[in-house]
Amino acid sequence: MRHADRTVGGGPAGDAGSVNVVSGIGGPPTGGVRQLASRYALLPLRIFLGVTFVYAGIDKLTDSAFLADSGAGSIGQLMTQVRDTSAVPWLVDQALNSPTTFGYVIAYGELAVGLGTLFGLLSRLAALGGALISLSLWLTVSWQTEPYYYGNDLAYLMAWLPLVLAGAPHLSLDTAWSKHRRRQSSQLFT
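Residues numbered from 1 in each chain as written. Predicted model: local features only at pLDDT ≥ 70, side-chain atom pairs only at ≥ 80, totals over all residues. Heavy atoms only, no water.

Caption draft 1: Examining the packing of aromatic side chains more closely. For the coordinates displayed, the defined rule picks out seven aromatic pairs. Seen from their ring centres, Phe53 and Tyr156 are 6.2 Å apart, and the 65 degrees between their planes marks the pair as edge-to-face. On the criterion of sequence distance, the pair formed by Phe53 in helix H2 (residues 43-61) and Tyr156 in helix H7 (residues 152-166) is long-range, its members being 103 residues apart. The buried category is assigned to Phe53, whose relative accessible area is 6%. For Tyr156, a relative accessible area of 18% corresponds to the buried category. Arranged with centres 6.2 Å apart and planes meeting at 20 degrees, the rings of Tyr104 and Tyr108 form a pair that is stacked. Taken as a pair, Tyr104 and Tyr108 lie in helix H5 (residues 99-119) at a separation of four residues, close to a single helical turn. With relative accessibility at 36%, the residue Tyr104 sits in the partly exposed group. Here a set of aromatic residues connected by ring pairs shows up, and it is made of Phe48, Phe53, Tyr156 and Trp160. Taking NZ or CZ as reference, Lys60 lies 5.8 Å from the ring centre of Phe66, over its face. In this structure, Arg181 packs its charged tip against the face of Trp177, placed 4.9 Å from the ring centre. (Phe/Tyr/Trp six-rings, centres within 6.5 Å; stacked < 30°, edge-to-face > 60°. Helix = DSSP H or I, 4+ residues; strand = E, 2+ residues; numbered from the N terminus. Buried < 20%, exposed > 50% of the residue type's maximum accessible area, 1.4 Å probe, protein only. Lys NZ or Arg CZ within 6 Å of the ring centre and 35° of its normal.)

Have a look at this one:
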């Protein structure tokens, strides 16, 4: 019995006869709790960001006040309020050309990013989209927040970066699709 990698068996951890206690499945161990935790380390981040962005998109799409050109709680009013304190006023000016359209683009973008992140579908692209949405919100809406760490859009931007770099290598449609393509291409050459 080895405690360091949580395996049980007669030989070294690499023996085929050992049993992985973490997964409860016979066969070669996967490296124990630490390796399992390392393998799925991005999963909580994926779930949090995915659920948050799906919720944000649905919230915007179901709020008729938000999707108006003007008025209390509208995207138009928000953009007008942050225009002079934004780091990129030209971007706010673009949004003010058609606030309702901009509101729909943001809402559907958040929804697509959230779903892509949750399901691991085009995960790096979804994470890049989330990072760009967070960056644009930080440079416009949250830019004037002082001290800067009170504005959450910068934290969201930083949270997206590991997913941009790593994608969703486990429990994702991207991985399932990649495995399927590998199996099909190996069958072509056998």
